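# Reading the structure
Listed below are the residues making up each chain.
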Amino acid sequence: MPRNPSTGVYSKPAGTTPSVGQVIDPVPWNALTTDLGNEITNSLPRDGSAPMVAPFKAAGGTVSAPGLGFASTPQTGLYLRGGGLLGFTQNGVDVAFDKATVYAAKSGDYTALASDDNAIHRFTAAATLTLTAAATLGANWHYAVIADGGDVTIDPNGAETIDGAATLVIKNGYSVEIICSGAAFFTNKLFARIASKADSAAVGDFVVGLTLSNNSGSPNTHIDFSAGSSRLGSSFVSNPSSITKRTNGTFAAGTGAGGLDTGSVAANATYFAYALRKDDDLTFDIVLSTSATIAGVNTALLTGYTIVKCIGVVLTDASSNIRSFVLYPRDEYTFVTPVKDVIGGAISTSSALIALTVPNGVKVKAKLRFQFTSSSATNSALLSDPAQGVLVAGIVSDGGNVGAVQVASNYAVGSADIWTNTSKQIRQVAGAAGNIWMWTEGFHFPCGRSA
């Protein structure tokens, strides 16, 4: 057959190139016409009326000139990439297609390989997933992990990192997609986003549950917190069960462990309770600090935790024991035994500050009862918020909140809820000199708890 099967070049049979006056030999000429008929029959019709009967062999081509293109758009089509791989080009630009997704279940530790590119592995038990060196896996290698039976610890090769850390723990019930840059590993950040629960649109400041109470077994040193949740802005944490923390030990994770951010428990001190969220597994905990602000909490023992919100306060007495109290709705604290803060204290027409047994470093509304006596008849006393400045007791001035003494040296009683300053103080003044007794029954310390 005159067509070369390797090159496709057609050559006429010998003896079919005539000269003028030559008698045509029918044998070669018949062979020529037969060959031409065969080759026409073997050609692919342009109108597509007949198909190929053998593999179509196109030119290798390039990304800008594909071996198989289109008359109207010759730069769009198929070409042969390096390594015998098929390439796709659109208007001279290479188009990448992912490998087929392969699913597999894993019941134990596993090492991810280059062949796992675009695989999805579901781990049905706690396991460690070791990643082959990033340079071996190569840039663009990607792999999905589903933790469905236990936590999965992702451990990159050697000193390589994932999201900048030495390891990443995927908690049971979560999933993550891993991407290799050729030098390190990264995730799609979805797990981290869910883990932090830091919805940028989330706002609010509240405490639900997490009610404080003296522990029944060790009320002097242990404080119980009921189940509940807390939010401050975009920081949120919840706890499905109660937890106990101790004032006679520094912070350690878990119920029954120490709670102080630093030092030892002090006498007549204020300890603010802050809800914590562990960053890697979202678990709840509590730290106790003398700081009235999150910024002032000592974080040396809190690596890996986010301080979410202040959820309450406990006070110690002169023996460094927790004062017994009851916490009512809307953050109202009542001491089991009222504290007699003033015993026959002098009171006069000169306004003075008096300290109470309430939290230090914050303003609270103290719940107070008073008893007042004076050698002057019709005398009264006025106890007030320091923020009001200096007031004057008396009916013609700023009034009073302890009943007037109608008989000289008799006693008058009264009660009031009064806001303090941040030094635990209120103001006192009387219409004339006398003596006063003052009991602190508790206080309101608003943390956003409505029930």
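Report follows, based on the coordinates. Residue numbering note: each chain is counted from 1, following its sequence as written. A pLDDT threshold of at least 70 governs which residues receive local features in this predicted model, and a stricter bar of 80 or more applies before side-chain atom pairs are shown or counted, although totals over entire chains, interfaces and linings include all residues. Based on all heavy atoms of the structure, the side-chain values leave hydrogens and waters out of the count.

The helix count covers DSSP runs of H or I at least four residues long, the strand count covers runs of E at least two residues long, and both are numbered beginning at the N terminus. Within the protein chain, the regular secondary structure consists of three helices and 31 strands. By the compact-globule yardstick of 22 Å for 451 residues, the protein chain is too spread out, its C-alpha radius of gyration being 43 Å. With respect to the three principal axes, the spread of C-alpha positions in the protein chain is 160 × 50 × 30 Å. Contacts are residue-level and defined by heavy atoms, with any inter-residue pair within 4.5 Å sufficient. Pairs at least 24 apart in sequence give 59% of the contacts found in the protein chain among residues at least 6 apart. For the protein chain, the computed accessible surface area is about 22700 Å², with 55% contributed by carbon and sulfur atoms. As used throughout, the charge tally considers Lys and Arg to be positive and Asp and Glu to be negative, leaving His and the chain termini uncounted. By convention, the charge on Lys lies at NZ, on Arg at CZ, on Asp at CG and on Glu at CD. Of the charged side chains in the protein chain, 28 are positive and 31 negative; the average position of the first set lies 6 Å away from that of the second. C-alpha atoms define the radius of gyration, and 2.2 Å times the number of residues to the power 0.38 defines the globule rule. We get accessible surface area from the Shrake-Rupley algorithm with a probe of 1.4 Å; when it comes to residues, only the shown protein chains can shield them.

Attention now goes to the layout of surface pockets. Considering only enclosed or pocket space, the largest pocket measures out at about 640 Å³ in volume. In terms of lining residues, the largest pocket is bounded by 21 residues, among which R3, N42, M52, A54 and P55 are the most central. Among the residues forming the lining of the largest pocket, the class breakdown is 12 nonpolar, seven polar and two charged. Only protein atoms enter the 1 Å grid, on which a cavity is a set of points fitting a 1.4 Å probe that cannot get out and a pocket is an open set with protein on both sides within 12 Å along at least 5 of 7 lines, lining residues being those with an atom within 4 Å of a point. Grid points are joined across faces, edges and corners, and a volume is the space filled by probe spheres set on the points. Each residue receives one of three labels: charged for Asp, Glu, Lys and Arg, nonpolar for Ala, Val, Leu, Ile, Met, Phe, Trp, Tyr, Cys and Pro, and polar for the others, Gly being one of them.

Whether two strands pair comes down to DSSP finding at least two bridges between them. Taken in spatial order, the three strands of this open sheet run β1-β2-β3, and their pairing is antiparallel. On the outer flanks of this sheet lie β1 (77-80) and β3 (93-95), each paired with one strand and no other. Pairwise comparison of adjacent strand axes, ignoring direction, gives a mean angle of 45 degrees for this sheet. Pairing between β1 and strand β2 (residues 86-90): four bridges, direction antiparallel. Each residue of the ladder has a partner; that of L80, found in β2, is L86. Lines are fitted to the C-alpha atoms to define the axes, a helix being fitted only along its stretch in contact, and any angle between axes, read from their N-to-C directions, falls within 0 to 180 degrees.

All right, on to the sheet that holds strand β13 (residues 205-209) then. Strand order across the open sheet formed by three strands is β13-β16-β17, with antiparallel pairing between neighbours. In the strand order of this sheet, the two ends are held by β13 and β17 (235-239), each with one partner. Direction aside, the axes of adjacent strands within the sheet are offset by 5 degrees on average. Where β13 meets strand β16 (residues 228-232), five bridges bridge the pair, whose relative direction is antiparallel. Pairing of G209 across the sheet is with G228, part of β16.

In this section: the environment of M438. Mapped onto the elements of the fold, M438 is located in strand β31 (residues 434-444). Through-space distance from the C-alpha of M438 to that of K340 is 5.9 Å; in sequence the pair is 98 residues apart. Ignoring any residue separated from it by four or fewer positions in sequence, one finds M438 in contact with V339, K340, D341, V342, I354, L356, R369, F370, L383, I426 and Q428.

The next subject is the pattern of salt bridges. Here, a salt bridge means any Lys or Arg side-chain nitrogen found within 4 Å of an Asp or Glu carboxyl oxygen. Tallied over the full model, the rule gives seven salt bridges. In this structure, D151 and K171 form a salt bridge, with 2.3 Å as the shortest nitrogen-oxygen distance. One end of the pair, D151, is in the loop between β8 (142-147) and β9 (152-155); the other, K171, is in the loop between β10 (168-170) and β11 (175-180), with 20 residues separating them in the sequence. Burial classification: accessible surface area is computed with a 1.4 Å probe over protein chains only, and a residue below 20% of its type maximum counts as buried, one above 50% as exposed, and the rest as partly exposed. On the basis of relative accessible area, D151 is assigned to the partly exposed category, the value being 27%.

Glancing now at the nonpolar core. What tends to happen in soluble globular proteins is that the nonpolar side chains get buried as a cluster. Put simply, a nonpolar core is a bunch of buried Ala, Val, Leu, Ile, Met, Phe, Trp, Tyr and Cys residues held in one set by side-chain atoms that sit within 4.5 Å of each other. F225, F325, F370, L383, I436, F443 and F445 are the most contacted members of the largest nonpolar core, which totals 60 residues. Apart from residues lying up to four places away in sequence, F445 is in contact with F272, C310, G312, V313, D331, Y333, V362 and V364. One finds V145, A147, I170 and F185 within the second-largest nonpolar core, a separate group that totals 22 residues.

As a further point, take the side chain of T373. Within the secondary structure, T373 sits in strand β26 (residues 365-373). In protein, a polar contact means a hydrogen-donor-capable atom and an acceptor-capable atom, both N or O and within 3.5 Å, with residues adjacent in sequence counting only if both atoms are side-chain atoms; elsewhere, any N or O pair within 3.5 Å suffices. A polar atom in the side chain of T373 sits 3.3 Å from the backbone oxygen of S409. The contact partners of T373, leaving out residues within four places of it in the chain, are V405, S409, N410, Y411, G434, N435 and W437.

Here we come to the environment of S175. As for its position among the elements, S175 is in strand β11. Counting along the chain gives 52 residues from S175 to F123, while the straight-line C-alpha distance between them is 10.0 Å.

Turning next to the packing of aromatic side chains. Between 30 and 60 degrees the pair is tilted, below 30 it is stacked and above 60 it is edge-to-face, where a pair is any two Phe, Tyr or Trp rings, Trp via its six-membered ring, whose centres lie within 6.5 Å. All told, the structure shown has eight aromatic pairs when counted by the stated rule. Between the aromatic rings of W141 and Y143, the centroid separation amounts to 5.5 Å while the plane-to-plane angle is 15 degrees, which identifies the pairing as stacked. Y143 shares its class with W141; the two are buried. Ring centres of Y333 and F443 lie 4.8 Å apart, and the angle between their planes is 15 degrees; this geometry places the pair in the stacked category. With Y333 in strand β24 (residues 332-347) and F443 in strand β31, this pair connects stretches of sequence that are 110 residues apart. Accessibility classification places Y333 together with F443 in one group, the buried group. Every member of this aromatic cluster is reached through a ring pair, and the members are F325, Y333, F335 and F443. We call a charge positioned over a ring when the NZ of a Lys or the CZ of an Arg lies within 6 Å of the ring centre and within 35 degrees of the ring normal. Taking NZ or CZ as reference, K106 lies 4.0 Å from the ring centre of Y110, over its face.

Next up on the list: unusual backbone geometry. For N268, which is not glycine, the phi dihedral falls at a positive 50 degrees. In the Ramachandran plot, S409 falls in the positive-phi region, its phi being about 65 degrees despite a non-glycine side chain. Its location among the elements puts S409 in the loop between β28 (402-405) and β29 (411-419).

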